[in-house]
Every structure is written in C-alpha cells, then in structure tokens.
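Results of the structural survey
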Amino acid sequence: MEMRLEVNGTAHRLDLPERTLLVHALRDQLRLTGTHIGCDTSQCGACTVHLDGVAVKSCTMLAVQAEGRRITTIEGLAKDGALHPMQLAFHIHHGLQCGYCTPGMIMAGLDIVRRHPRPDLGTIRAELEGNLCRCTGYHNIIRAIAAGAEAMAAAATGERPGEGQGQ
Amino acid sequence: MHAFAYCRPAALADALRELAADAEARPLAGGQTLLPVMRARLAAPSRLVDLARVRELTGIAAAPGGLRLGAMETHAAIAEHPAVKRLAPALARLAGGIGDPQVRNRGTIGGSLANNDPAACYPAALLALGAAIETDRRTLAAEDFFTGLFATALAPGELVVAVQVPAAPAAAYVKFPQPASRFALVGAFVLRTEAGYRVAITGGGMGVFRWTEAEAALDSGATGADLAGVPLDPELFTGDLHASARYRRALARVAVARALADPAFAA
Ligand SMILES: Cc1cc2nc3c(=O)[nH]c(=O)nc-3n(C[C@H](O)[C@H](O)[C@H](O)COP(=O)(O)OP(=O)(O)OC[C@H]3O[C@@H](n4cnc5c(N)ncnc54)[C@H](O)[C@@H]3O)c2cc1C
Ligand code: FES
Ligand code: FES
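All chains use their own residue numbering, which begins from 1 and follows the written sequence. In the order they appear in the text, chains get letters beginning with A and ligands get numbers beginning with 1. At least 70 in pLDDT is required for a residue's local features to be given in this predicted model, at least 80 for side-chain atom pairs to be given and counted, and no such filter applies to totals for whole chains, interfaces and linings, which use all residues. Hydrogens and water are ignored here; the side-chain numbers use all heavy atoms of the structure.

Things to note about the sheet that holds strand β7 (residues 139–141) of chain B
Consider a sheet: its strands pair through backbone hydrogen bonds, and that pairing is either parallel or antiparallel. Residues and elements named next belong to chain B. Applied cut-off: Criterion used throughout: strands pair if DSSP finds at least two bridges between them. Here a helix means four or more residues in a row that DSSP labels H or I, a strand means two or more in a row labelled E, and each is numbered from the N terminus. Comment: axis = line fitted to C-alpha atoms, over the contacting stretch for helices; angle = value between 0 and 180 degrees taken between N-to-C directions.
The strand order across the open sheet formed by five strands is β4-β5-β10-β6-β7, and the pairing between neighbours is antiparallel. Each of the sheet's edge strands pairs with one partner strand only, and the pair in question is β4 (60–63) and β7. Between one strand axis and the next, the sheet turns through 25° on average, direction left out of account. Taken together, the three bridges between strand β6 (residues 132–135) and β7 define a ladder with antiparallel strand orientation. Bridging across to β7, Ala-132 finds its partner in Ala-141.

Okay, here's the thing in structure tokens:
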C-alpha cells in the first residue's frame with residue numbers, strides 16, 4: 001500500500017506491504033541503518049526512534065501506523081555536521097563499546113530528558129528499563145545521559161538557545 | 001508476519017463495521033502485544049482495524065465518583081495525568097510501572113484489558129477497585145469482564161470503549177517484576193474503603209483473582225504480618241521458567257503485606 005512518512009524532516013512516499021514494520025521501512029527502504037534490530041521480543045530497545053518527539057520501539061510498530069507523525073531517527077540528531085549534545089556526551093563519557101545499543105540508548109536518553117530535564121542517576125537507571133546493552137555494564141551510559149542532559153540545559157539557557165529539547 | 005489488510009477508521013461506528021464484516025479481523029491498539037504475537041506467527045488476522053484515530057476511544061476525565069479513561073489512552077498518559085494522580089494515585093503509579101517507557105508510550109489500557117494476560121497489571125487494579133468496563137454495547141463489572149487466561153467477556157467484534165474507575169485514595173499496587181519483561185511475576189493491588197478491604201492478585205498464572213480470605217482477615221483486624229496464616233488456594237498458581245508455583249504463592253503474601261505498608265493506608 002502507498003504510505004507517506006515524514007522522517008528527519010523529509011517527506012517520503014513509499015509503496016510497501018501493510019505488514020512492513022517501521023524499523024524495516026527505515027533500514028531497508030530509506031537506508032537509515034542507524035536504527036538497529038537487537039531482538040525478536042520487543043525488549044532490547046536498539047530500534048528506539050522518536051514519534052512526535054516520544055520514544056517508541058520501531059520494531060513494534062507498523063510503518064503505516066507512523067503516517068501523519070514526525071519520525072526522528074539517530075541520523076536526524078546531528079545538525080550541520082555537529083553532533084547533538086547527547087551524542088557528544090556518549091563520545092566524551094565513553095558511553096559505548098561495540099555501539100550496537102547506542103542509537104537506541106541516545107534516543108531513549110533524549111526521551112528521559114524530555115520528561116526529566118535534569119535527571120538524577122537513579123531516574124536514568126529506572127528509565128532505561130527498555131534498553132539493553134551487552135557490553136558496557138551501563139555505568140558510562142548513565143553518566144553520558146546525565147552529562148548530555150546538563151549540556152542540553154546549558155545550551156538551552158546559554159550560547160545556543162533553542163536546542164534544549166533536542167529537536 | 002503473515003500478510004493482512006489494514007484500515008484506520010476515524011469513527012467508532014466505522015471500526016465496528018470493519019470488524020463485523022470480517023470474522024478474522026482484529027482491532028489494533030498500541031500493538032505492544034498484538035504485533036509481537038503476529039511477528040511470532042502466533043496470530044494471523046486477515047485485517048487490522050487500527051483504532052488510533054477513533055475519537056470516541058480517547059480522553060481522561062474526572063467523572064461522578066471517580067474517573068473515566070478512554071480505551072486508547074496509553075499507559076504513559078494515564079501515569080502522568082493530574083486527575084488520575086489525584087483521584088487514583090495507585091493506578092497512576094501502576095501505569096507508570098508497566099514495561100518500560102517505550103512500551104508505555106504505545107500500549108493502551110483498552111488493549112491490556114482485552115488481552116487479559118495472566119501477568120498483566122491493570123486487571124488486578126480494576127478487579128480490586130470494582131471498576132466498570134464500557135464497551136460499544138454494554139457496561140460490564142470487572143469481575144464479569146475477566147473470565148480466564150487471556151479470556152474476557154468481549155464478544156467477537158466488540159470493542160472496549162472506556163473504563164470507569166472509582167476514586168481510590170487508600171490503595172496500593174506492589175509488583176515483583178519478571179526482570180526481562182517487567183510483567184508481574186506476581187502483583188497485588190490492595191484497596192481499602194469504608195466497606196472493607198479488596199485484594200486482587202495477578203501473575204499467579206491462572207488469571208487475575210480476588211484473595212477473599214485475605215480480605216475477610218483484614219476486615220476483622222488482621223495486619224500484613226498475619227497474612228502468612230491466611231489460606232490461599234494453591235490451585236491458583238502455576239510454575240514456569242521464571243518461577244515455581246510455590247514461589248509465586250509465597251510472593252503473593254509478601255506483595256499484599258508490602259502493599260499494606262504503603263503510606264496510602266497510613267490515615
Ligand atoms: C517489553 C514489554 C513489556 C511489557 N510489560 C508489561 C507489564 O509490566 N505489565 C503489563 O500489564 N503489560 C506489559 N506489557 C504489555 C503492554 O502493556 C501492552 O501494551 C498491552 O498488554 C496491550 O496493549 P496494546 O494497546 O499494545 O494492545 P494491542 O497489542 O494493540 O492489542 C492487544 C489485544 O487487544 C485487542 N484490542 C486492543 N484494543 C482493543 C479494544 N479497545 N477493544 C477490544 N479489543 C482490543 C487486540 O485486538 C489484541 O488482541 C508489556 C509489553 C512489552 C512488549
Ligand atoms: S529490536 Fe526493537 S526492542 Fe529489540
Ligand atoms: S555497547 Fe555493545 S551492546 Fe551496548
């Protein structure tokens with residue numbers, strides 16, 4: 001069936017079977033392979049994207065369900081070649097090892113900051129319930145999200161107004 | 001996933017017509033249960049009737065004596081809504097503890113009730129609270145709605161429209177989550193009203209139920225510590241790879257005792 005999807009600010013018209021999952025439309029059709037697939041059970045969060053700014057698992061959604069909504073993937077965060085503060089925080093704080101879970105962690109991290117602008121470490125830990133990492137043991141991921149939140153708050157009030165909420 | 005047709009009606013009457021026209025059609029709400037089940041090829045509906053735009057199924061509002069929650073309201077919306085937090089704070093906390101943030105952003109109360117997973121959270125709350133479930137054709141008491149494992153009183157093609165929840169200042173939900181999914185290994189919802197206590201247990205394995213012996217004991221002055229001696233039918237518990245039946249039954253007593261220790265019961 002024909003469907004229109006808005007991804008990272010660009011409108012796309014796609015002709016896909018009804019059963020196409022959003023993650024497959026993003027990866028296989030739009031070649032946005034930063035969104036990963038880590039499980040078959042809707043539990044790992046590697047596929048997390050934003051739908052109207054809210055984190056969802058793109059493996060547990062049909063592409064057609066995203067019609068009329070704004071989809072943001074990890075590829076949509078950097079602006080003019082500059083990493084988003086949350087991406088930079090993962091880099092600085094070594095919030096990844098193999099990197100497989102990282103796009104999902106960053107998208108989930110931004111959803112945490114949306115709801116808790118200055119999250120404490122306990123909040124971050126609890127809110128990362130839906131994202132699994134097989135490598136890091138989570139400590140640096142949690143530090144990176146806290147630092148990313150700080151950087152976003154600073155950017156919102158400081159030299160780069162308007163970037164505070166990510167997108 | 002097997003192939004299927006898809007439609008997205010904007011009115012309840014259209015959704016009901018689509019469902020009535022095709023016995024193999026299924027409603028799609030948040031998809032957080034239905035899509036994984038279809039991906040595993042455990043279900044193969046011919047048509048999905050997406051309820052996302054059916055306006056009659058949305059809305060959270062204070063209603064006489066309590067709250068009315070539209071079937072398509074997400075767990076996240078219910079957890080965060082000021083009226084729910086004020087009138088039924090235990091229900092808001094329960095919703096905020098379902099799965100993970102991504103699941104809560106999509107999953108709906110209507111989908112959870114219609115699915116009636118024996119380890120789901122909402123059924124315990126609705127049974128203890130004596131909530132009513134409004135469908136497109138009737139209103140059912142929670143105890144008549146939940147009929148067994150993944151079974152409800154819904155007829156084919158019947159939709160949950162809303163849930164009526166009485167205000168519940170003195171109530172608490174305690175869940176021992178299964179660590180991978182966060183579903184209830186065992187969960188207990190305890191309510192105290194002027195008429196007495198109501199205790200509902202989910203996660204036992206045979207479907208949600210009221211622990212009436214505990215209700216009677218609490219009504220006659222027993223405390224959480226006394227629950228160890230209160231009869232609890234072992235037939236209501238089953239074992240699986242996550243926990244044995246005996247362990248689940250033991251957790252049920254602990255969950256109720258912990259719920260009773262909630263500050264909501266202090267006054
Ligand atoms: C990782 C993960 C963790 C989870 N953890 C928990 C947990 O801790 N506790 C918990 O309780 N649940 C948990 N769930 C389940 C989650 O709450 C689901 O969202 C919920 O059970 C189904 O709601 P849905 O809106 O996604 O429904 P869907 O998946 O869309 O539908 C479920 C079923 O209900 C039917 N249906 C949907 N809406 C209606 C309606 N209005 N009227 C009639 N029938 C309808 C559908 O046809 C389908 O058969 C978890 C799910 C996942 C993936
Ligand atoms: S791939 Fe979506 S949750 Fe694992
Ligand atoms: S860094 Fe390897 S899975 Fe998280």
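Section: the site of ligand 1
To be explicit about the condition: In this text, near means that some heavy atom of the residue lies within 4 Å of the molecule or strand in question. In protein, a polar contact requires one atom able to donate a hydrogen and another able to accept it; more generally it is a pair of N or O atoms within 3.5 Å, and residues adjacent in sequence count only if both atoms are side-chain atoms. Method for areas: the Shrake-Rupley scheme with a 1.4 Å probe, in which residue coverage is limited to the protein chains shown.
Taken together, 32 residues are adjacent to ligand 1, and Pro27(B), Gly31(B), Leu34(B), Thr108(B) and Arg182(B) come closest. Mapping the residues adjacent to ligand 1 onto the chains of the assembly identifies chains A and B. Contact between ligand 1 and Cys121(B): an oxygen atom at 2.8 Å from a main-chain N or O atom of the residue. Within the complex, 96% of the 970 Å² of free accessible area of ligand 1 lies under protein. Of all the elements in the fold, those that place two or more residues in the shell around ligand 1 are β2 (25–28) and α7 (109–115) of chain B.

Quick word on the domain arrangement of chain B
Residue and element names in this part refer to chain B. Quick reminder of the rule: Each domain's extent was defined by an automatic or database domain assignment. Note on contacts: a residue pair is in contact if any heavy atoms of the two residues lie within 4.5 Å. Throughout, the accessible surface (probe 1.4 Å) given up by two parts as they are put together, summed over both, is called the buried area. For salt bridges, the criterion is a side-chain nitrogen of Lys or Arg within 4 Å of an Asp or Glu carboxyl oxygen. Here the term charged refers only to Asp, Glu, Lys and Arg, the term nonpolar to Ala, Val, Leu, Ile, Met, Phe, Trp, Tyr, Cys and Pro, and the term polar to all other amino acids, Gly among them.
Taken domain by domain, chain B holds domain 1 (5–50), domain 2 (55–166) and domain 3 (171–265). The C-alpha centroid of domain 3 is placed 20 Å from the C-alpha centroid of domain 2. Counting residues at the interface gives 22 residues for domain 2, matched by 22 residues for domain 3. Of the roughly 1700 Å² buried between domain 2 and domain 3, counting both surfaces, carbon and sulfur atoms make up 66%. Seen at the junction of domain 2 and domain 3, the total is two salt bridges. Linking Arg-198 and Glu-143 is a salt bridge whose minimum nitrogen-to-oxygen distance equals 3.7 Å. Taken together, the connections running from domain 2 to domain 3 amount to eight residue pairs in polar contact (both at pLDDT 80 or more). Elements with a contribution of two residues or more to the side of domain 2 that touches domain 3: α5 (89–96) and α8 (122–129). The element best represented in the side of domain 2 that touches domain 3 is α8, accounting for six residues. Here the side of domain 2 that touches domain 3 is composed, by residue class, of 15 nonpolar, four polar and three charged.

Comments concerning the interface of chain A and chain B
Contact residues are listed per partner, giving 31 residues for chain A and 31 residues for chain B. Between chain A and chain B, the buried area comes to about 2300 Å², and carbon and sulfur atoms account for 51% of it. Three residues, Arg19(A), Gln65(A) and Glu129(A), lead the burial of chain A against chain B; their summed loss comes to 25% of the area buried on that side. Run the count over chain A and chain B and you get four salt bridges. The residue Asp40(A) makes a salt bridge to Arg39(B) at a minimum N-O spacing of 3.5 Å. Along the contact surface separating chain A from chain B lie eleven residue pairs in polar contact (both at pLDDT 80 or more).

Brief notes about the pairing of strand β3 (residues 48–51) of chain A
Residue and element names in this part refer to chain A. Test applied: Under the scheme applied here, a residue whose accessible area is under 20% of the maximum for its type counts as buried, over 50% as exposed, and between as partly exposed, the area being computed with a 1.4 Å probe on protein chains only.
Across the two faces of β3 the burial is the same, with Thr-48 and His-50 and Val-49 and Leu-51 all buried. When β3 meets strand β4 (residues 54–57), the two strands line up antiparallel, connected through four bridges. When the bridges of β4 are listed, Leu-51 appears paired with Val-54. If you look at the hairpin formed by β3 and β4, you'll find two residues sitting between the two strands, and Asp-52 has a positive phi there, around 50°. In the sheet, β3 pairs with strand β5 (residues 70–72) via two bridges, with the strands oriented antiparallel. Looking at the pairing, Leu-51 lines up with Ile-71 of β5.

Focus on the side chain of Asn105(B)
Here Asn105(B) shows up in helix α6 (residues 101–106). On the basis of relative accessibility, which here comes to 16%, the residue Asn105(B) falls in the buried class. In this structure, Asn105(B) is in contact with Val54(A), Ala55(A), Val56(A), Asp111(A), Arg114(A), Thr74(B) and Ala76(B), ignoring residues within four places of it in sequence.

As for the packing of aromatic side chains
Residue and element names in this part refer to chain B. Test applied: A pair of aromatic rings is counted whenever rings of Phe, Tyr or Trp (Trp by its six-membered ring) have centres within 6.5 Å, and the orientation is called stacked for planes under 30 degrees apart, edge-to-face for over 60 and tilted otherwise.
Inspection of every chain in the model, using the stated rule, returns four aromatic pairs over all chains. For the ring pair Phe-145 and Phe-146, a centre distance of 5.2 Å and an interplane angle of 90° mean the geometry is edge-to-face. When its relative accessible area of 0% is taken as the criterion, Phe-145 is described as buried. With 6.4 Å between their ring centres and 35° between their planes, Tyr-197 and Phe-265 make a pair best called tilted. With Tyr-197 in strand β13 (residues 196–202) and Phe-265 in the segment after α11 (245–260), this residue pair connects regions lying 68 residues apart in the sequence. What makes Tyr-197 buried here is its relative accessible area of 18%. Classification of Phe-265 by relative accessible area gives buried; the value is 9%.

Describing the pattern of salt bridges
Counting across every chain of the model gives 19 salt bridges over all chains. The salt bridge partner of Arg8(B) is Glu67(A), with a shortest N-O separation of 2.7 Å. Taken together, the residues span two chains, with Arg8(B) in the loop between β1 (5–7) and α1 (12–21) and Glu67(A) in the loop between β4 and β5. A relative accessible area of 23% means that Arg8(B) is categorised as partly exposed. One salt bridge in this structure joins Arg248(B) and Asp240(B), with 3.2 Å as the shortest N-O distance. Assessed through its relative accessible area of 40%, Asp240(B) is described here as partly exposed. It is possible to trace a salt-bridge network through shared partners that takes in Asp111(A), Arg114(A), Arg115(A) and Glu127(A).

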